[in-house]
Amino acid sequence: RGGRTRQEVVASLDRAAELLSPKQEPATTVRPTLDQLSGLGEAVAWGQDLAVDLAEWKAGRILWSDVDKGLLLVGPSGTGKTLFAEALARTCQIPLVVGSLARWQRNRTGHLGDFLEAMHGAFKQAREKAPAIIFLDELDAVGSRSAFNGHNASYDVKVVTALLECLDGIDRREGVVAIGACN
């Protein structure tokens, strides 16, 4: 605007930049390891054993066939299943790849080909980052092939079959531990 000094313009721009700056995250975000969790019982002991086995596998002292490759966590919402998976990855010092039917369904168009591409992509990402954990959230949404009927049965059967293929198919998943969570 006319009639303003350079100093006034600079001060106005500084105020605008301050308003548009992203807010800083608190510096003290707690990201627990398994040792800092309580109330998860046997899952924590299993995770601590897994951390030892993964270190031994990475060092070449044991074979992948000697490593426990998966765990299914079952419990009501809010009981710490996701927190456990995150803490397990931190304890093992390996990446966590997260997948779920909802995530894969929202990939591009949601058609079966896009869905399966997203599912296979998550497992591929975990294999590329191996050793890694793939966390399959809300796994109970998958359903049972024997219970499907009606219009979507073919789609649903293909989804379950593809998931089973990812878990134990020809591509194998050496270096990838699968953790499933359901209610």
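### A few points about the nonpolar core
Grouped together as the largest cluster of nonpolar side chains are 25 residues, with contacts concentrated most on Leu-50, Leu-54, Phe-84, Leu-88, Val-177 and Ile-179. Counting only elements with at least two residues in this core, the list comes to helix H2 (42-58), helix H3 (81-92), strand E3 (132-136) and strand E4 (176-182). Broken down by element, the residue count for this core peaks at 7 residues, all from H2. With near-sequence residues (within four places) excluded, Phe-84 lies in contact with Leu-34, Leu-37, Leu-40, Ala-43, Val-44, Trp-46, Leu-71 and Leu-73. Counting 20 residues, the second-largest nonpolar core is a separate cluster that includes Leu-101, Ala-118, Met-119 and Leu-136.

### Considerations on helix H5 (residues 112-128)
Look at H5: 24 Å from first C-alpha to last across 17 residues, which is about the 24 Å you get at 1.5 Å a residue. Against the buried residues of H5 lie strand E2 (96-99), helix H4 (101-105), E3, helix H6 (153-168) and E4.

### Looking at the environment of Cys-182
Note that Cys-182 resides in strand E4. Residue class for Cys-182 comes out buried when judged on its relative accessible area of 12%. Those residues within four positions of Cys-182 in sequence are excluded, and the remaining contacts are Leu-72, Leu-73, Val-74, Gly-75, Lys-81, Leu-139 and Asp-140.

### Thoughts on the sheet that holds E3
Taking strand neighbours across the sheet as the criterion, the 4 strands line up as E1-E4-E3-E2 in an open arrangement whose pairing is parallel. Two strands lie at the open edges of the sheet, namely strand E1 (70-74) and E2, each paired on one side alone. Recorded for the sheet is a direction-independent mean angle of 20° between the axes of neighbouring strands. By the bridge criterion, 4 bridges tie E2 to E3 in an arrangement that is parallel.

### A word on the pattern of salt bridges
Enumeration over the complete set of coordinates arrives at 2 salt bridges. The closest approach of N and O atoms between Glu-128 and Lys-124, which form a salt bridge, is 3.8 Å. One end of the pair is Glu-128 and the other is Lys-124, both in helix H5 and 4 residues apart, which spans about a single turn. The class for Glu-128 is exposed, based on a relative accessible area of 58%.

### Concerning the packing of aromatic side chains
By convention here, two paired aromatic rings are described through the distance between centres and the angle between planes. Counted by the stated rule, this structure contains 3 aromatic pairs. Taken together, the ring pairs in this structure connect Trp-104, Phe-115 and Tyr-155 into an aromatic cluster.

### Description of the packing of H2 against H3
Across the interface, H2 lies against H3 with an axial gap of 9 Å and an inter-helix angle of 35°. Seen from above, H2 lies across H3 with right-handed handedness. Across the interface between the two elements, Ala-43, Val-44, Trp-46, Gly-47, Leu-50, Ala-51, Leu-54 and Lys-58 from H2 touch Phe-84, Leu-88, Thr-91 and Cys-92 from H3. Of the residues in the contact of H2 with H3, the class split is 9 nonpolar, 2 polar and 1 charged.

Basis of the calculations
Residues numbered from 1 in each chain as written. Predicted model: local features only at pLDDT ≥ 70, side-chain atom pairs only at ≥ 80, totals over all residues. Heavy atoms only, no water. Core = buried A, V, L, I, M, F, W, Y, C linked by side-chain atoms within 4.5 Å. Buried < 20%, exposed > 50% of the residue type's maximum accessible area, 1.4 Å probe, protein only. Helix = DSSP H or I, 4+ residues; strand = E, 2+ residues; numbered from the N terminus. Contact = heavy atoms within 4.5 Å. Expected span 1.5 Å × (residues − 1). Pairing = 2+ DSSP bridges. Axes fitted to C-alpha atoms, helices over the stretch in contact; angles between N-to-C directions. Salt bridge = Lys/Arg side-chain N within 4 Å of Asp/Glu carboxyl O. Phe/Tyr/Trp six-rings, centres within 6.5 Å; stacked < 30°, edge-to-face > 60°. Left-handed = near helix turned anticlockwise from the far one by under 90°. Nonpolar A, V, L, I, M, F, W, Y, C, P; charged D, E, K, R; others polar.

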